[in-house]
Amino acid sequence: MSAAAPEGYDPHAFEPFAVTVDLAVFTVRESRLHVLLVERGEDPYKGRWALPGGFVLPRESAGTAARRELAEETGLTEDTVSALHLEQLRTYSDPDRDPRMRVVSVAYAALVPDLPEPRGGGDAASAQWWDAGRLGTLAFDHGLILADARARIGARLEYTCLATAFCPPEFTLGELQQVYETVWGVELDRPNFRRKVLATPGFVQASEGSPRRTGGRGKPAALYRAGAATALHPPLLRPEGRST
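About the criteria used
- Residues numbered from 1 in each chain as written.
- Predicted model: local features only at pLDDT ≥ 70, side-chain atom pairs only at ≥ 80, totals over all residues.
- Heavy atoms only, no water.
- Helix = DSSP H or I, 4+ residues; strand = E, 2+ residues; numbered from the N terminus.
- Expected span 1.5 Å × (residues − 1).
- Buried < 20%, exposed > 50% of the residue type's maximum accessible area, 1.4 Å probe, protein only.
- Polar contact = N/O pair within 3.5 Å; in protein donor to acceptor, adjacent residues only side chain to side chain.
- Contact = heavy atoms within 4.5 Å.

Would you mind showing me how to read helix H1 (residues 62–74) here?
Since one α-helical turn is 3.6 residues long, residues separated by three or four positions face the same way. In a regular helix each residue adds 1.5 Å, so 13 residues correspond to 18 Å; H1 covers 18 Å between its end C-alpha atoms and thus fits that length. Buried within H1 are the following residues: Ala65, Ala66, Arg68, Glu69, Leu70, Ala71, Glu73 and Thr74.

As structure tokens, this is what we get:
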């Protein structure tokens, strides 16, 4: 039961506004960073591409709304969406960010291994993965949200074990390195990267008994899983002045 409003309080004295959620969902596909976008099926911006999201219902938290909207607009299953790690990014509250009315949006970032192909649903005409480096102008202020999300991800990779969220349950150190190179846009020294990863307690753990992954020439690569650590000590800082 909700508490009664204080005596003398008039909620109609304040201009109403809506609360929405927007999601920047990233993955690595074909050695490129990709973001999940939906084609808007309704005005405003009908036919334009946007981040998945929508309005928070009256008896719903922002986190619950984010997962519901992601499932509705992309066709991803509830089990798939519920398993995603969503990180709250920030709140966007510019008075003119939505032409319909005053809308405040809570943005989330999700970092995932390759997911099934999405499809449109709800008020989204279609949904698909887009190369994050080859996007046009997005609806609303979603270009700003996307830029902020990508910057947050790049910074988080330096101090946390978040990179393993881009990988399948078992991965090679080469695949893990590719995540860093893709998000940061730099080329890393392979022996140095391997040394730093294996020297960081709890970052990764060897997959005991798992077959090694082969591909091309040379010795088959060992497989690893995400370790128990959540923070990197020392941090794995991106190199300066070495771009791909």
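Looking at this model, I keep getting lost on unusual backbone geometry. Mind explaining?
Glycine aside, the phi torsion of most residues is negative, and most peptide linkages are trans. A cis geometry characterises the amide bond from Asp43 onward to Pro44, with omega recorded as 0°. With respect to the helices and strands, the residue Pro44 is situated in the loop between strand S2 (32–40) and strand S3 (49–50). One non-glycine residue, Glu30, lies in the positive phi region at around 50°. Here Glu30 lies in the loop between strand S1 (18–29) and S2. Positive phi, normally seen in glycine, also occurs at Phe140, with a value near 55°.

Got a minute to help me understand the side chain of Thr74 in this structure?
Within the element layout of this structure, Thr74 appears in helix H1. Note on Thr74: relative accessible area 0%, which makes it buried. A polar contact is formed between the side chain of Thr74 and the backbone oxygen of Leu70, at a distance of 2.5 Å. A distance of 3.3 Å separates a polar atom in the side chain of Thr74 from the backbone nitrogen of Leu76. Setting aside anything within four residues of it in sequence, one finds Thr74 in contact with Leu36, Val38, Pro52, Pro118, Arg119 and Ala127.

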